[in-house]
Amino acid sequence: LAGTGGIAFHRGQIFVGLRQLVTQCRRFTQQPQHLLTGGFERPLALAQMVLEGVALLAQDGKLTLDDDVRKWVPEVPDYGRKITLRHLLHHTSGLRDYTDLLPLAGARVEDVTTEREALDMISRQKGVEFAPGTRYSYCNSGYFLLSIVVHRASGKSLRALRGHLARRENGAAV
């Protein structure tokens, strides 16, 4: 993140500025395979809130995109390589998608999964599929973990943060 916005690279395009970053997130999360809901009325709402929360917390100096996810979510095992918030944002963490692991644990993907169950599923992974930062693989685990980071770094739930983000445009701090 630089200045007042963010920088994103997606499918050969560079997006600069928070508004462009959120617009790209909106386009990306409207695809059917993105099942981020978290109780929000639209699937994109959760991903957008996570993205905006991370961007604004980074802007305010409360976190950096190069922070190790374990700084904020120590429940994630140490895989011998640092997994950064940037890796989670760009789907380059190497983590397995917890929604793919649910059936292996006897759960149905259609069932509601609590935050604790999803975090436990991620925490039980014995390793990563590839070294962080070496390739792209869409993964719900990344944005799920980022939602926890936003909560822990801001002290607010995503729902509570929604109101603060709206006021942010009028100069209020997150």
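Everything in this summary refers to the structure shown in the same document. None of the values given here were measured: they were computed from a predicted structure.

Procedures and definitions
Residues numbered from 1 in each chain as written. Predicted model: local features only at pLDDT ≥ 70, side-chain atom pairs only at ≥ 80, totals over all residues. Heavy atoms only, no water. Phe/Tyr/Trp six-rings, centres within 6.5 Å; stacked < 30°, edge-to-face > 60°. Helix = DSSP H or I, 4+ residues; strand = E, 2+ residues; numbered from the N terminus. Buried < 20%, exposed > 50% of the residue type's maximum accessible area, 1.4 Å probe, protein only. Arc of directions from axis to C-beta. Contact = heavy atoms within 4.5 Å. Core = buried A, V, L, I, M, F, W, Y, C linked by side-chain atoms within 4.5 Å. Salt bridge = Lys/Arg side-chain N within 4 Å of Asp/Glu carboxyl O.

### Re the packing of aromatic side chains
Where two aromatic rings form a pair, the distance of their centres and the angle of their planes describe that pair.
Step number 1: A full pass over the atoms with the stated rule returns 1 aromatic pair.
Step number 2: Pairing tyrosine 98 with phenylalanine 144 gives two aromatic rings, centres 5.4 Å apart and planes at 50°, and the pair type is tilted. Taken together, the positions of tyrosine 98 in helix H5 (residues 98-101) and phenylalanine 144 in helix H7 (residues 140-154) put the pair 46 residues apart, joining distant regions of the chain.

### Describing unusual backbone geometry
Step number 1: The phi dihedral of histidine 91 is positive, around 60°, even though this residue is not glycine.
Step number 2: Assignment of secondary structure puts histidine 91 in the loop between helix H4 (85-89) and H5.

### Here we look at helix H6 (residues 115-123)
Step number 1: Residues of H6 that are buried: Ala118, Leu119, Met121 and Ile122. The buried side chains of H6 occupy one side of the element, clustering within an arc of 155° when seen end-on.
Step number 2: The elements touched by buried residues of H6 are H5 and H7.

### What about the nonpolar core?
Step number 1: Ranked by size, the top nonpolar core spans 38 residues in total, and within it Leu63, Val73 and Leu145 carry the most contacts.
Step number 2: At the level of elements, helix H2 (43-59), helix H3 (69-72), H4, H5, H6, H7 and helix H8 (158-168) are the ones that each hand at least two residues to this core.
Step number 3: Dropping the residues within four chain positions of it, leucine 63 is found in contact with Val54, Leu57, Ala58, Trp72, Leu85, Val149 and Ala153.

### Observations concerning the pattern of salt bridges
Step number 1: The tally for this structure, following the rule as stated, stands at 4 salt bridges.
Step number 2: The salt bridge partner of lysine 71 is aspartate 67, with a shortest N-O separation of 3.8 Å.
Step number 3: Arginine 116 is the salt-bridge partner of aspartate 120, the closest N and O atoms lying 3.1 Å from each other. Of this pair, aspartate 120 and arginine 116 both sit in helix H6, 4 residues apart, which is roughly one turn of that helix.
Step number 4: Residue class for aspartate 120 comes out partly exposed when judged on its relative accessible area of 30%.

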